[in-house]
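# Breakdown of the fold
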Amino acid sequence: MLLDHLFSGKIRIRLLTKLLLNPASKVYLRGLEKELGVSSNTVRLELNKLSDMQLIEVEEADANAKVKHYTANTGHPLFTSLRNIILKHVGLDQILEQVIAKLGDLDQVYLTGDLAQGKNSHFIDLVIVGDIDKVYLHKLIDKVEPLIEKKIRVALFTPGEFREEHLQDMGVAIDLLAG
C-alpha cells in the first residue's frame with residue numbers, strides 16, 4: 001500500500017515537504033545531497049521510490065547532461081491530500097484557518113523564508129498585503145503560535161506600499177491565497 005511506503009524515513013518526509021510545499025520548485029540530486037546532509041546514494045534511493053510511486057516527476061534536461069530535475073506530480077490523485085498533510089505538519093493549516101481567513105480585506109499573502117524553500121523551520125515568514133487591523137493581526141498570531149509551536153514573522157504592507165520587488169529580496173515566495 002502506498003501509505004506504508006510513503007511516511008517511512010526522515011529523508012523521505014523532508015523531500016516530500018520540500019516538493020509539496022512549493023510544487024513549482026525543481027530540485028536535483030547534488031543540491032538535495034548538500035541541503036539534506038546525506039549521501040547522494042541515500043537521496044537517489046528516496047527519489048527513485050517517490051518516482052516509482054508517481055508522486056514526483058523526473059525531467060532530464062538533455063541526454064548528455066546527466067542532470068535530472070525532480071518536481072512534485074501535481075496530477076497525482078493524492079497530491080492535494082498529501083500537500084494538506086504537509087501544510088498541517090509545518091503548521092500552515094492553522095495559519096490559513098486561524099489568521100489569514102479571519103483578517104478579511106487581504107490582497108496578497110506570501111510564504112517566504114525556509115518553509116517556502118521546503119525546509120522545516122521554527123519560523124513562519126509571511127508577507128501580507130492589505131488594509132488590516134494590526135492589533136487584531138498580532139492577537140491572532142499570539143493565539144496560533146502556541147498551537148503550531150512556531151514563531152510567525154510578518155512583513156505587512158498596504159496595497160499602495162507593496163511592490164513585486166519586495167519579494168525578490170526574499171528568495172522563494174509562495175502565494176498562499178492562490179490555493
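Residues numbered from 1 in each chain as written. Predicted model: local features only at pLDDT ≥ 70, side-chain atom pairs only at ≥ 80, totals over all residues. Heavy atoms only, no water.

Looking only at helices and strands, one finds 9 helices and 7 strands in the chain. Computed over the C-alpha atoms, the radius of gyration of the chain is 18 Å, within 12% of the 16 Å expected from 2.2 N^0.38 for a compact globule of 179 residues. If you line up the chain on its principal axes, its C-alpha atoms span 55 × 35 × 30 Å. Excluding contacts between residues fewer than 6 apart, the proportion of contacts in the chain whose partners are at least 24 apart in sequence is 65%. In the form shown here, the chain has an accessible surface area of approximately 10000 Å², with 50% of it arising from carbon and sulfur atoms. Side chains of the chain give 22 positive and 25 negative charges; the mean places of these two sets differ by 7 Å. (Helix = DSSP H or I, 4+ residues; strand = E, 2+ residues; numbered from the N terminus. Rg over C-alpha atoms; globule rule 2.2 N^0.38 Å. Contact = heavy atoms within 4.5 Å. Areas by Shrake-Rupley, 256 points an atom, 1.4 Å probe, with all protein chains shown as cover. Lys, Arg positive; Asp, Glu negative; His and termini not counted. Charge placed at Lys NZ, Arg CZ, Asp CG, Glu CD.)

With that out of the way, let us pick up the pattern of salt bridges. This structure, assessed with the given rule, holds 6 salt bridges. Between R30 and E33 there is a salt bridge whose closest N-O contact spans 3.2 Å. Remark: E33 and R30 occur in helix α3 (residues 29-36); sequence separation between them is 3 residues, near one turn of the helix. Of the residues examined, R30 reaches a relative accessible area of 44% and is grouped as partly exposed. Judged by relative accessible area, E33 falls into the partly exposed class, the value being 23%. (Salt bridge = Lys/Arg side-chain N within 4 Å of Asp/Glu carboxyl O. Buried < 20%, exposed > 50% of the residue type's maximum accessible area, 1.4 Å probe, protein only.)

Right, let's talk about the nonpolar core for a bit. In terms of nonpolar packing, the biggest core is built from 45 residues, with I95, L111 and I124 touching the most fellow members. Excluding anything up to four places from it in sequence, I124 contacts V90, G91, L92, I95, L111, L115, I148, K150, K151, I152 and R153. Counting residues in hydrophobic clusters, the runner-up holds 6 residues, among them Y110, V127, V129 and L167. (Core = buried A, V, L, I, M, F, W, Y, C linked by side-chain atoms within 4.5 Å.)

This brings us to helix α8 (residues 134-148). Compared with the 21 Å implied by 1.5 Å per residue over 15 residues, the 21 Å span of α8 between its first and last C-alpha is a close match. Listing the buried residues of α8 in full gives L137, L140, I141, V144, E145 and I148. Contact partners of the buried residues in α8: α6 (92-103), β5 (123-130) and β6 (151-157). Between the side-chain oxygen of the N-cap and the backbone nitrogen of V135 there are 3.0 Å, and the N-cap of α8 in question is D133. Directly beyond the C-terminal end of α8, a positive phi value near 55° is found at E149. (Expected span 1.5 Å × (residues − 1). Polar contact = N/O pair within 3.5 Å; in protein donor to acceptor, adjacent residues only side chain to side chain.)

Sheets are built from strands that pair by backbone hydrogen bonding, the pairs being arranged parallel or antiparallel. Pairing is mixed across the open sheet formed by 4 strands, whose spatial order is β6-β5-β4-β7. Of all the strands in the sheet, just β6 and β7 (174-175) have a single pairing partner and so form its edges. (Pairing = 2+ DSSP bridges.)

At a minimum axis separation of 10 Å, helix α2 (residues 10-21) and helix α4 (residues 40-52) run at an interaxial angle of 65°. As for how α2 packs across α4, the hand of that crossing is right-handed. Contacts between α2 and α4 involve I11, R12, L15 and L16 on the former and, on the latter, T42, E46, L47, K49 and L50. Its residues assigned to classes, the contact of α2 with α4 shows 5 nonpolar, 1 polar and 3 charged. (Axes fitted to C-alpha atoms, helices over the stretch in contact; angles between N-to-C directions. Left-handed = near helix turned anticlockwise from the far one by under 90°. Nonpolar A, V, L, I, M, F, W, Y, C, P; charged D, E, K, R; others polar.)

Moving on: the sheet that holds strand β1 (residues 27-28). One open sheet holds the 3 strands; their spatial order is β1-β3-β2, and the pairing between them is antiparallel. A single partner strand is all that each edge strand has here, and the edge strands are β1 and β2 (56-60). Contacts from α2 reach β1, β2 and β3 (68-72), with the element oriented near 75° to β3.

Overall, the coordinates contain 2 aromatic pairs when judged by the stated rule. Seen from their ring centres, Y110 and F162 are 6.1 Å apart, and the 20° between their planes marks the pair as stacked. With Y110 in strand β4 (residues 106-112) and F162 in the loop between β6 and α9 (165-168), this pair connects stretches of sequence that are 52 residues apart. For Y110, a relative accessible area of 8% translates into the label buried. With a centroid separation of 5.6 Å and an interplanar angle of 65°, the aromatic rings of F157 and F162 are classed as edge-to-face. Assigned by exposure class, F157 and F162 land together as buried. Of the aromatic side chains, those joined through ring pairs into one cluster are Y110, F157 and F162. The aromatic ring of F123 is capped on one face by R153, whose charged end is 4.0 Å from the ring centroid. (Phe/Tyr/Trp six-rings, centres within 6.5 Å; stacked < 30°, edge-to-face > 60°. Lys NZ or Arg CZ within 6 Å of the ring centre and 35° of its normal.)

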